[in-house]
Amino acid sequence: MDNREAMGSWLSGPREAMEQSGADFGYRGEQLGLPEHGPGSIARPGRRVGALVVDWALCMLIAYGLVTHGYNQATGNWALLVFLVLGVLTVGTIGCTPGKRLFGLRVVSEAGGRLGLGRVVVRTVLLCVAIPALIWDRDGRGLHDRLAKSVEVRI
């Protein structure tokens with residue numbers, strides 16, 4: 001291995017270096033028995049972030065218009081509370097928030113069914129904390145999804 005290959009493996013990360021050594025990681029969701037593409041496959045990060053932006057904008061609009069009446073300093077705090085309530089109610093009943101529905105996503109159990117109310121609350125509270133959502137596994141699931149035993153899939 002020359003210096004360029006060593007530097008390239010360092011820049012591209014440990015997964016790339018392992019794959020060049022012959023390790024096969026498979027595709028996202030393979031360990032969970034999900035398809036690689038199409039309906040039922042693991043949601044890609046771009047769609048997930050897009051859905052989160054739509055949901056947060058909706059919560060900010062609700063907090064700004066209905067709760068704080070334009071008082072800017074408190075709007076973000078109230079929006080977080082609205083986001084928590086929106087997530088628990090919508091994911092707990094229909095399996096998706098308005099942003100997830102717009103982007104064609106749904107939250108399901110690892111076993112494939114609906115999430116129970118307790119797991120929805122755990123998932124949503126951890127999502128509001130934000131740090132667990134930034135720690136991902138090799139399937140692209142955040143720590144909040146792993147702890148709630150949930151998967152965000154395409155519809």
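Residues numbered from 1 in each chain as written. Predicted model: local features only at pLDDT ≥ 70, side-chain atom pairs only at ≥ 80, totals over all residues. Heavy atoms only, no water.

Caption draft 1: Examining the overall build of the protein more closely. From N to C terminus, the protein includes eight helices and two strands. Written out in order from the N terminus, the α and β elements of the protein read α-α-α-α-α-β-α-α-α-β. Buried positions account for 37% of the 155 residues belonging to the protein. Considering only residue pairs separated by 6 or more positions, the protein has 58% of its internal contacts joining residues 24 or more positions apart. Carbon and sulfur atoms provide 64% of the accessible area of the protein, an area that totals close to 9,200 Å². (Helix = DSSP H or I, 4+ residues; strand = E, 2+ residues; numbered from the N terminus. Buried < 20%, exposed > 50% of the residue type's maximum accessible area, 1.4 Å probe, protein only. Contact = heavy atoms within 4.5 Å. Areas by Shrake-Rupley, 256 points an atom, 1.4 Å probe, with all protein chains shown as cover.)

Caption draft 2: Up close: the layout of surface pockets. Taken as a whole, the largest pocket spans an internal volume of roughly 330 Å³. Listed by contribution, the elements that provide at least two residues to the lining of the largest pocket are α3 (45–67), α4 (72–93), α6 (117–129) and α7 (131–134). Per element, the largest residue contribution to the lining of the largest pocket is four residues, and it comes from α3. By residue class, the composition of the lining of the largest pocket is eleven nonpolar, one polar and four charged. (1 Å grid on protein atoms, 1.4 Å probe; cavity = no way out; pocket = protein on both sides within 12 Å on 5 of 7 lines; lining within 4 Å. Points joined across faces, edges and corners; volume = space filled by probe spheres on them. Nonpolar A, V, L, I, M, F, W, Y, C, P; charged D, E, K, R; others polar.)

Caption draft 3: Local environment of the environment of Arg 106. Mapped onto the elements, Arg 106 comes out in strand β1 (residues 105–109). Counting along the chain gives eleven residues from Arg 106 to Gly 95, while the straight-line C-alpha distance between them is 5.6 Å. In contact with Arg 106, other than residues within four places in its own chain, are Ile 94, Gly 95, Cys 96, Arg 114, Val 151, Glu 152, Val 153 and Ile 155.

Caption draft 4: Looking closely at the pattern of salt bridges. All told, the structure shown has eight salt bridges when counted by the stated rule. The closest approach of N and O atoms between Glu 110 and Arg 141, which form a salt bridge, is 2.9 Å. Of the two residues, Glu 110 is situated in the loop between β1 and α6 and Arg 141 in the loop between α7 and α8 (143–148); the sequence distance between them amounts to 31 residues. Accessibility expressed as a relative area gives 3% for Arg 141, which makes it buried. Arg 123 serves as the salt-bridge partner of Glu 152, at 3.2 Å between the closest nitrogen and oxygen. Here Glu 152, found in strand β2 (residues 150–154), pairs with Arg 123, found in helix α6; they are 29 residues apart in sequence, far enough to count as distant. (Salt bridge = Lys/Arg side-chain N within 4 Å of Asp/Glu carboxyl O.)

Caption draft 5: Molecular detail of the packing of α3 against α4. One way to put it is that α3 packs onto α4 with a least axis distance of 8 Å and a crossing angle of 120°. Taken together, α3 and α4 sit at an angle that is classed as oblique. For the pair α3 and α4, the sense of crossing is right-handed. The segment α3 lies against α4, with Leu 52, Asp 55, Trp 56, Cys 59, Met 60, Ile 62, Ala 63, Tyr 64 and Val 67 engaging Asn 72, Thr 75, Gly 76, Trp 78, Ala 79, Leu 80, Val 82, Phe 83 and Leu 86. For the contact of α3 with α4, a count of residues per class yields 14 nonpolar, three polar and one charged. (Axes fitted to C-alpha atoms, helices over the stretch in contact; angles between N-to-C directions. Parallel < 35°, antiparallel > 145°, perpendicular 65-115°, else oblique. Left-handed = near helix turned anticlockwise from the far one by under 90°.)

Caption draft 6: Geometry of empty space enclosed by the protein. Inspection of every chain in the model, using the stated rule, returns one cavity of 30 Å³ or more. Of the pockets and cavities examined, the largest cavity occupies roughly 70 Å³. What lines the largest cavity is Asp 55, Phe 83, Leu 86, Gly 87, Val 91, Thr 97, Lys 100, Arg 123, Thr 124 and Leu 127. Put simply, the parts of the chain that give the lining of the largest cavity at least two residues each are α4 and α6. Take the lining of the largest cavity: its biggest share by element is four residues, from α4. Each residue belonging to the lining of the largest cavity can be placed in one class, and the counts come to four nonpolar, three polar and three charged.

The values are spatial; any link to function lies outside them.
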